[in-house]
Amino acid sequence: MRETVSDIQNRRSVKEYKTEQITDEELTAVLEAGMNAPSGGNRQSPVFIAVQNKEWIQKLCRLNAEIAGAPEGFDVFYGAPTIILVLADKNAPDAVQDGSLCLGNMFNAAYALGLGSRWINRIRETFETELGKELLKEAGYEGEYIGVGSCILGYPANGFPEPIKRKQDYYKIIR
């Protein structure tokens, strides 16, 4: 238990990755951590698309950067060799919450495995575009999905950032 709490307290987002691809075992462990997140009514509304295909990553990167208004050529995925896209059934009442919990589990599992990770936004907007809908269909998902976020994964190029000091009034206990 102490190791779990320590991992949660020390996990940090990583911005620089080695080009080496993570192992299938590591990817599966992170995906399974996401699958084991709680979901509203146990509906299991989220779906994950793990992308390691360089062509897909380039398409997603260009589209995400365009949505963000980033300069041309900016790598919004920071060179991470794996991207896990998290979407959820648009009609599920807790779709975004369910997908967010999955992402949280994935980040913590990644750190426990020695992998760097980071949340990347604009996945909702990505999958509202025609290209996003085409990619979703190409991945084998049809229906109405809302993009929740993405978890980029890879081996940290320069280790993990140090934990930062937290604000003093982060929580209150009412007794």
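Everything in this summary refers to the structure shown in the same document.

Parameters and conventions
- Positions within a chain are numbered from 1, following the residues in the order the chain's sequence is written.
- pLDDT decides what is reported in this predicted model: residues at 70 or higher carry local features, side-chain atom pairs at 80 or more are listed and counted, and totals for whole chains, interfaces and linings draw on all residues regardless.
- Side-chain metrics in this entry use all non-hydrogen atoms of the structure; hydrogen atoms and water are not considered.
- Paired rings are identified among Phe, Tyr and Trp, the last through its six-membered ring, by centres lying within 6.5 Å, and are further divided according to the angle between planes into stacked (under 30 degrees), edge-to-face (over 60) and tilted (the rest).
- Secondary structure elements are defined from DSSP: runs of H or I of at least 4 residues count as helices, runs of E of at least 2 residues count as strands, and each element is numbered from the N terminus.
- Accessibility here uses a 1.4 Å probe with only protein chains present; expressed as a share of the type maximum, an area under 20% marks a residue as buried, one over 50% as exposed, and anything in between as partly exposed.
- Remark: a charge is flagged as sitting over a ring if the NZ atom of Lys or the CZ atom of Arg is within 6 Å of the ring centre and within 35 degrees of the ring normal.
- Candidate patch residues must exceed 30% relative accessible area and have no salt bridge, after which like charges are joined if within 9 Å and Val, Leu, Ile, Met, Phe, Trp or Tyr side chains if within 5 Å.
- For accessible areas, the Shrake-Rupley method is used with a probe of radius 1.4 Å. Any residue's cover is judged against the shown protein chains and nothing else.
- Salt bridge, as applied in this entry: a Lys or Arg side-chain nitrogen positioned within 4 Å of an Asp or Glu carboxyl oxygen.
- Convention adopted: a line fitted to C-alpha atoms gives each axis, helices being fitted over their contacting stretch, and angles between N-to-C directions are expressed from 0 to 180 degrees.
- Any angle between 65 and 115 degrees counts as roughly perpendicular, while under 35 counts as roughly parallel, over 145 as roughly antiparallel, and the rest as oblique.
- Rotating anticlockwise by less than a right angle from the far helix to the near helix defines a left-handed crossing, while the corresponding clockwise rotation defines a right-handed one.
- Should any heavy atoms of two residues lie within 4.5 Å, those residues are counted as being in contact.
- Residues are grouped as follows: Ala, Val, Leu, Ile, Met, Phe, Trp, Tyr, Cys and Pro are nonpolar; Asp, Glu, Lys and Arg are charged; every other residue, Gly included, is polar.

### Observations regarding the packing of aromatic side chains
Point 1. Per the stated rule, a full pass over the model turns up four aromatic pairs.
Point 2. Note on Tyr 111 and Phe 160: the rings are 4.9 Å apart at their centroids and 75 degrees apart in plane angle, and the pair reads as edge-to-face. Of this pair, Tyr 111 sits in helix 4 (residues 95–112) while Phe 160 sits in the segment after strand 4 (145–154); the two residues are 49 residues apart in sequence, bridging distant segments of the chain.
Point 3. Classification of Phe 160 by relative accessible area gives partly exposed; the value is 29%.
Point 4. Measuring from ring centre to ring centre gives 5.8 Å for Tyr 141 and Tyr 145, while their planes differ by 70 degrees; the resulting arrangement is edge-to-face.
Point 5. Its guanidinium or amino end placed over the ring of Tyr 170, Lys 167 lies 4.9 Å from that ring's centre, counting from NZ or CZ.

### Here we look at a nonpolar patch on the surface
Point 1. A cluster of nonpolar side chains, namely Tyr 170, Tyr 171 and Ile 173, defines an oily patch on the protein surface of about 420 Å² accessible area.
Point 2. As for its placement among the helices and strands, Ile 173 is situated in the segment after strand 4.

### Looking at the packing of helix 3 (residues 54–68) against helix 6 (residues 130–138)
Point 1. The interhelical angle for the contact between helix 3 and helix 6, taken along N-to-C directions, is 150 degrees, at an axis separation of 11 Å. On the basis of the axis angle, helix 3 is roughly antiparallel to helix 6. For the pair helix 3 and helix 6, the sense of crossing is left-handed. Contacts between helix 3 and helix 6 involve Trp 56, Lys 59, Leu 60 and Leu 63 on the former and, on the latter, Leu 131, Gly 132, Leu 135 and Glu 138.
Point 2. When the residues that make up the contact of helix 3 with helix 6 are grouped by side-chain class, the tally is five nonpolar, one polar and two charged.

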